[in-house]
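# Structural features, examined
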Amino acid sequence: MTAPTIPTITLNNGLEMPQLGFGVFQVPDAETTAAVSAALDVGYRSIDTAAIYGNEAGVGRAIAESEVPRDELFVTSKLWIDSLDYDSAMRGYEASLERLGLEKLDLFLIHWPAPASDGYLEAWRALSRLASEGRVGAVGVSNFLPQHLERLADASDLVPAVNQVELHPALQNRGTVEANRRLGIATEAWSPLAQGAVLGEEPVLEIAERHGKTPAQVVLRWHLQQGRIVIPKSVTPARIAANLDVFDFALAESELTAIDGLERDGRTGPHPAEFNG
Ligand code: NDP
C-alpha cells in the first residue's frame, strides 16, 4: 500500500490537524518506539501521547530516528491531573517537551477536568499564555463535558481548539459533540474502536463484508465521515497499516445510521464528572 493522503481538519486557530492519527495509550515505553516507527513508515503523521502514559520518550525516539521532517508531523501530549495550576502546567509543558526531545508541540491538552481539584481554569490560563507566545501550535482539552466548556468560556477568551473525548459506536457522546460544534471546538475521538468491543457486532460485520473491508476500517470510516478526528491505537503492524487504509471507500447514509444504532452508553473509561485521578 502506498501512503495515503490523510485529510486534515482546520482547527479554530487555522492550524491543520490530520484527521487520522496514531494513539499510544497503554503501550510500554520500550515498545512505543517500534510502534510509532511502524506508524510513521506506513504514513501516519499525527501521534497522540500524554505525560501519564509514560511513553513520551519512546515517541520522541521514534521521531528522532525517522526521516520525516518535523514540520510534517503533528504531535499531541496532555497535561496530567496533578498539574492543574498555573505554575505546574507551565512546568508540565516543558517536561513533556524535554521527554519528547521537541522544541514545541502541535497540540497540548488538559487531560481531564478533574472537577474536585477545581484547577482547570488556572491550567487553562497557563496554556493560553503558551499559545499567545507561540510556544505551542494549539491548545485544547480532553474529557470536558459541556458544563466544563461553558465554565471555560465564561472565564477565558481562548476557545479550546480540540476536545478529545471517549467516542465510538457504543458511546456517541452526542451532548458533548453538539457543545463542541456550537463553540467551534473540533471533536477528537479517543478509543475510536471502543478498544475492540464493537468489532464483532452487527451491523459492523455485515457492512464490512459488503465493502470488502475490516470491521475496524468500517468504524473508522463512520467517524471520519462525520468530521471527527480519530487516533486508533495498535501495536500490531498489520493493524497499524490497515487502520490507515480507509480512504478508498465510503459508507452510505443508511450504513452510518445503522452503526449509530449501536449507542448504549457503553463507556469504557471513567466518567469525566467523577474522575479526579
Ligand atoms: P482503540 O479504540 O484505539 O483500540 C485499541 C485496541 O484495539 C487495542 O487493543 C488494539 O490491539 C485493538 N485494535 C487496533 N486496531 C485493530 C484492528 N484493526 N482490528 C482489531 N483490533 C484492533 O483504544 P485506545 O483506548 O487505545 O484509544 C486510542 C487512543 O486514544 C489512545 O491510544 C490514546 O492516544 C487516546 N486515549 C485518550 C484518552 C484520554 O483520556 N484523552 C483515554 C484513552 C485513550 P493491538 O494494539 O493489540 O493491536
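Here's what I pulled together on the structure shown here. The structure presented is a predicted model; accordingly, all values stated were derived computationally and were not measured.

## Let's talk about the overall build of the protein
Summing up its helical and strand segments, the protein has ten helices and ten strands in all. Here the protein has a C-alpha radius of gyration of 18 Å; the compact-globule value for 277 residues is 19 Å, and the two agree. With respect to the principal axes defined by its C-alpha atoms, the protein has extents near 55 × 40 × 30 Å. By the burial criterion, 53% of the 277 residues in the protein qualify as buried. Entry remark: accessible area of the protein is about 11,600 Å², with carbon and sulfur atoms responsible for 50%. Charged side chains of the protein number 22 positive and 38 negative; the gap between the two group centres comes to 1 Å.

## Section: the packing of aromatic side chains
Tallied over the entire structure, the rule returns seven aromatic pairs. Note that Arg-221 overlies the ring of Phe-249, its terminal NZ or CZ placed 5.8 Å from the centroid. Above the plane of the ring of Trp-222 lies Arg-228, whose end atom (NZ or CZ) is 4.7 Å from the centre.

## Focus on the nonpolar core
Ranked by size, the top nonpolar core spans 75 residues in total, and within it Phe-22, Leu-105, Phe-108 and Ile-110 carry the most contacts. Core analysis: the next-biggest nonpolar cluster, separate from the first, contains eleven residues, Leu-11, Phe-74, Ala-138 and Ala-186 among them.

Analysis parameters
- Throughout this description, residue numbers start from 1 for each chain and increase along the sequence as written.
- Residue-level local features of this predicted model are given only where pLDDT is at least 70; pairs of side-chain atoms are given and counted only at 80 or more, and the full residue set underlies all totals for whole chains, interfaces and linings.
- Hydrogens and water molecules were not included; the side-chain quantities draw on all heavy atoms of the structure.
- Labels follow the DSSP assignment, with helices taken as runs of H or I lasting at least four residues and strands as runs of E lasting at least two, numbered in each case from the N terminus.
- What the globule rule says is 2.2 Å times the number of residues to the power 0.38, and the radius of gyration is computed from C-alpha atoms.
- The rule is simple: take the accessible area with a 1.4 Å probe, protein chains only, and divide by the maximum for that residue type; under 20% is buried, over 50% is exposed, in between is partly exposed.
- All accessible-area figures derive from a Shrake-Rupley calculation using a 1.4 Å probe, and residue coverage is judged against the displayed protein chains alone.
- The sign given to each residue is positive for Lys and Arg and negative for Asp and Glu; His and the chain ends receive no count.
- Taken as the charge location is NZ of Lys, CZ of Arg, CG of Asp or CD of Glu.
- Aromatic contacts are taken between Phe, Tyr and Trp rings whose centres are within 6.5 Å, Trp giving its six-membered ring; a plane angle under 30 degrees counts as stacked, one over 60 as edge-to-face, and the others as tilted.
- Whether a charge sits over a ring comes down to the Lys NZ or Arg CZ being within 6 Å of the ring centre and within 35 degrees of the ring normal.
- Only buried residues count toward a nonpolar core. Its members are Ala, Val, Leu, Ile, Met, Phe, Trp, Tyr and Cys residues joined through side-chain atoms within 4.5 Å.

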